[in-house]
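Residue strings, one per chain:
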Amino acid sequence: MNWKRYDSIRRNASPLEVDLIENYAAGTISRRDFIKRGAILGLGMTTMASVIAACGGDSDPTTTTAGPDAGSSTTAGAPTQGGSMRIGIQQGDANSGLDPLNMLDLGTYSVLSQSFEYLVGLAPDGNIGATGLATSWEPNADGTVWTFNLREGVNWHDGSPFTSADVAATVDRMVIAGAGLAGVVSEGAVETPDDLTAVVNLDKANGNLPVLISIYNPQSLITPADYADGTTLDARQAGTGPWVFESHDPTTFTTVFKANEDYWGGRPNLDDVTLIGFGSEGARVSAMQARELDMIQQFGVIDGTSLLNDSSFTVLRPPSANHRQLWFNTQLPAGGPFTDARVRRAFGFMLDRQQMVDVLFDGFASVGNDHPVHPTLPFFDPDATPQRPKDPEMAKQLLADAGYEGMSATIQTGDILVSPDMGAIVEQNALEAGVAVSVNVTANSDFYGEYWCTGAPWGASPETGGPGVPCGASAEIGIVDYGHRPTPDVYFGRALETDGDWNSSNYASSEFDGLFAQYQAAIDVAGQKAAVGQIQQLLHEDAPALYPFFFDYLSGHDESVSGVQVTALGHMKLEKATKSA
């Protein structure tokens, strides 16, 4: 340890930074977690490198973060200029269309993030980084105020300048729509002392705010100050990003973009890109295998075996906490079986999680334990709960205790990736516990509105919602997909907190809400871990939803393509992409 260097860094750090530096020096968090957390706090790469060097490590914190496992492909030699790319993506939701605030699926995320950008962008290692519209950020001493310094020389596609007023208006729209900022900030929270400074005043301390307005909260795309909620990109062409909208065919969900000649990051290498929607993964994989496409947004192990075995195909595996949530409607219908936690826990004991990992992902996944906290996170508590095993006899006993022996149920799910196959395994597992389960598969573009959160504003039956029942008309039991986030804030706040707009379980627990508030307010790793450990225990016991596994996100492209970076939320950064002849 170089104590002189360490003390110098520590003296000039904020309280939040000191806590992080001390945890790293004491060995309570890994180097990887130090870099992740440091990026969230706005700790510069130079400072992090100095801390690592003072503690006796490699002074370059980025030396092992590039490559396919970080979700990026490198360019060999000078990049090729010009050309086009055709990319196969998930079919977008026709209900939301190209709406940057109300979109719900990976296909639409990938389209809108070509024209619009995030305040906090994507680092080369797949974490958040200062590659978006903010060049730096920092919290005050207690984490209640965050200041973002904005990038100079950025213009909207119509030539008007990007300013802090656009950030303030976007945050207000997010607050009103409940897009991941509920309980964090209120309308009017952003001060704009000048055009290039945005000061966010929080309702209460939050140590993860940059994540909530980053690329990992897809609905936080920065839109112009006068952009109205419900406006779609095809209705009003806007953005600050590397690609300018040219056309969109909603029937085939095909969108064409041309290069932004005046992009602040430099003109993209390609002339244009076309994103083509596919209604099924099999069709998307077949088109990629036949090289009708240059790149595929996502594929699974079962349908994508041909790509995994293709020597001329580059596989990208970005960091991923992707999972499937098997939810239960904990309140409706009143007196229904899933309003009883014993029935919900019984289903937890029915599941063969290892079978799902092996059959659905051929090992490209890991077993989960009925909460959405990924085991690699620094505040995950491995001792909070024992791993729930497959135990049909325990399931039978719980059902008998609850008076639902020999019950039946219908699982609702969309046709995305492995969801139908997961449903089939649940059906098989449930039979061993004497439960008859059937699986109803719906086109994913319809599933969100018909069976998931139909109590939400975009749903078909909003009148069934209300305080404490945000997704009132959601199915009794169903499977929904959740993409990667570097922290579980979105999984907690939107999917489990009382009145969360993605809370298809209609879970209303004051105990959970209080623990979530403690976690959000914690400005140190120890405080976060204390709250999260209790959350793990509570969710394991209450079982508003089951989380059987976390799985790897797989994307990729032909060997002629390079310079692409993807996220496990479906984003594809293409401004540095090239395609050889």
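This text follows the structure it describes.
Not measured: the values here are computed from a predicted model.

### Brief notes about the pairing of strand β20 (residues 555–558)
Line of reasoning, step 1. Of the pairings in the sheet, the one linking strand β11 (residues 295–296) to β20 comprises two bridges and is antiparallel in character. Directly across from Met 295, in β20, lies its bridge partner His 557.

### Quick notes on the environment of Gly 468
Line of reasoning, step 1. Note that Gly 468 resides in the loop between α14 (444–452) and β17 (477–482).
Line of reasoning, step 2. Gly 468 sits 288 residues away from Gly 180 along the chain, and the two C-alpha atoms are 17 Å apart.
Line of reasoning, step 3. Beyond its immediate sequence surroundings of up to four residues, Gly 468 is in contact with Gln 331, Thr 498, Asp 499, Asn 506 and Ala 508.

### Observations regarding the packing of helix α10 (residues 341–350) against helix α17 (residues 525–542)
Line of reasoning, step 1. Direction vectors running N to C along α10 and α17 enclose 100 degrees, while the axes themselves pass 7 Å from each other. Taken together, the axes of α10 and α17 lie roughly perpendicular to each other. Across from Ala 341, Arg 344 and Arg 345 in α10, the residues of α17 making contact are His 540, Glu 541 and Asp 542.
Line of reasoning, step 2. Residue composition of the contact of α10 with α17, by class: one nonpolar, one polar and four charged.

### Topic: the side chain of Asp 172
Line of reasoning, step 1. Tracing the backbone shows Asp 172 in helix α6 (residues 164–177).
Line of reasoning, step 2. Here Asp 172 is buried and forms no salt bridge, its nearest opposite-charge partner Arg 173 lying at an N-O distance of 7.9 Å.
Line of reasoning, step 3. At a separation of 2.8 Å, a polar atom in the side chain of Asp 172 contacts the main-chain amide nitrogen of Gly 188.
Line of reasoning, step 4. Excluding anything up to four places from it in sequence, Asp 172 contacts Ser 186, Glu 187, Gly 188 and Ala 189.

### So, the packing of helix α16 (residues 510–521) against α17
Line of reasoning, step 1. At a minimum axis separation of 8 Å, α16 and α17 run at an interaxial angle of 155 degrees. Judged on the interaxial angle alone, α17 and α16 are roughly antiparallel. Crossing hand, α16 versus α17: left-handed. Across from Glu 511, Phe 512, Leu 515, Phe 516, Gln 518 and Tyr 519 in α16, the residues of α17 making contact are Gln 528, Ala 531, Val 532, Gln 534, Ile 535, Leu 538 and Leu 539.

### Considerations on empty space enclosed by the protein
Line of reasoning, step 1. Inspection of every chain in the model, using the stated rule, returns eight cavities of 30 Å³ or more.
Line of reasoning, step 2. Volume-wise, the largest cavity comes out at about 180 Å³.
Line of reasoning, step 3. Ser 113, Glu 117, Tyr 118, Ile 215 and Lys 573 are, among the 15 residues lining the largest cavity, the residues nearest its centre.
Line of reasoning, step 4. Of all elements in the fold, only α5 (106–115), β2 (121–122) and β23 (572–573) reach the threshold of two or more residues within the lining of the largest cavity.
Line of reasoning, step 5. Class assignment for the residues of the lining of the largest cavity results in six nonpolar, six polar and three charged.

About the cut-offs
- Residues numbered from 1 in each chain as written.
- Predicted model: local features only at pLDDT ≥ 70, side-chain atom pairs only at ≥ 80, totals over all residues.
- Heavy atoms only, no water.
- Pairing = 2+ DSSP bridges.
- Helix = DSSP H or I, 4+ residues; strand = E, 2+ residues; numbered from the N terminus.
- Contact = heavy atoms within 4.5 Å.
- Axes fitted to C-alpha atoms, helices over the stretch in contact; angles between N-to-C directions.
- Parallel < 35°, antiparallel > 145°, perpendicular 65-115°, else oblique.
- Nonpolar A, V, L, I, M, F, W, Y, C, P; charged D, E, K, R; others polar.
- Buried < 20%, exposed > 50% of the residue type's maximum accessible area, 1.4 Å probe, protein only.
- Lys, Arg positive; Asp, Glu negative; His and termini not counted.
- Salt bridge = Lys/Arg side-chain N within 4 Å of Asp/Glu carboxyl O.
- Polar contact = N/O pair within 3.5 Å; in protein donor to acceptor, adjacent residues only side chain to side chain.
- Left-handed = near helix turned anticlockwise from the far one by under 90°.
- 1 Å grid on protein atoms, 1.4 Å probe; cavity = no way out; pocket = protein on both sides within 12 Å on 5 of 7 lines; lining within 4 Å.
- Points joined across faces, edges and corners; volume = space filled by probe spheres on them.

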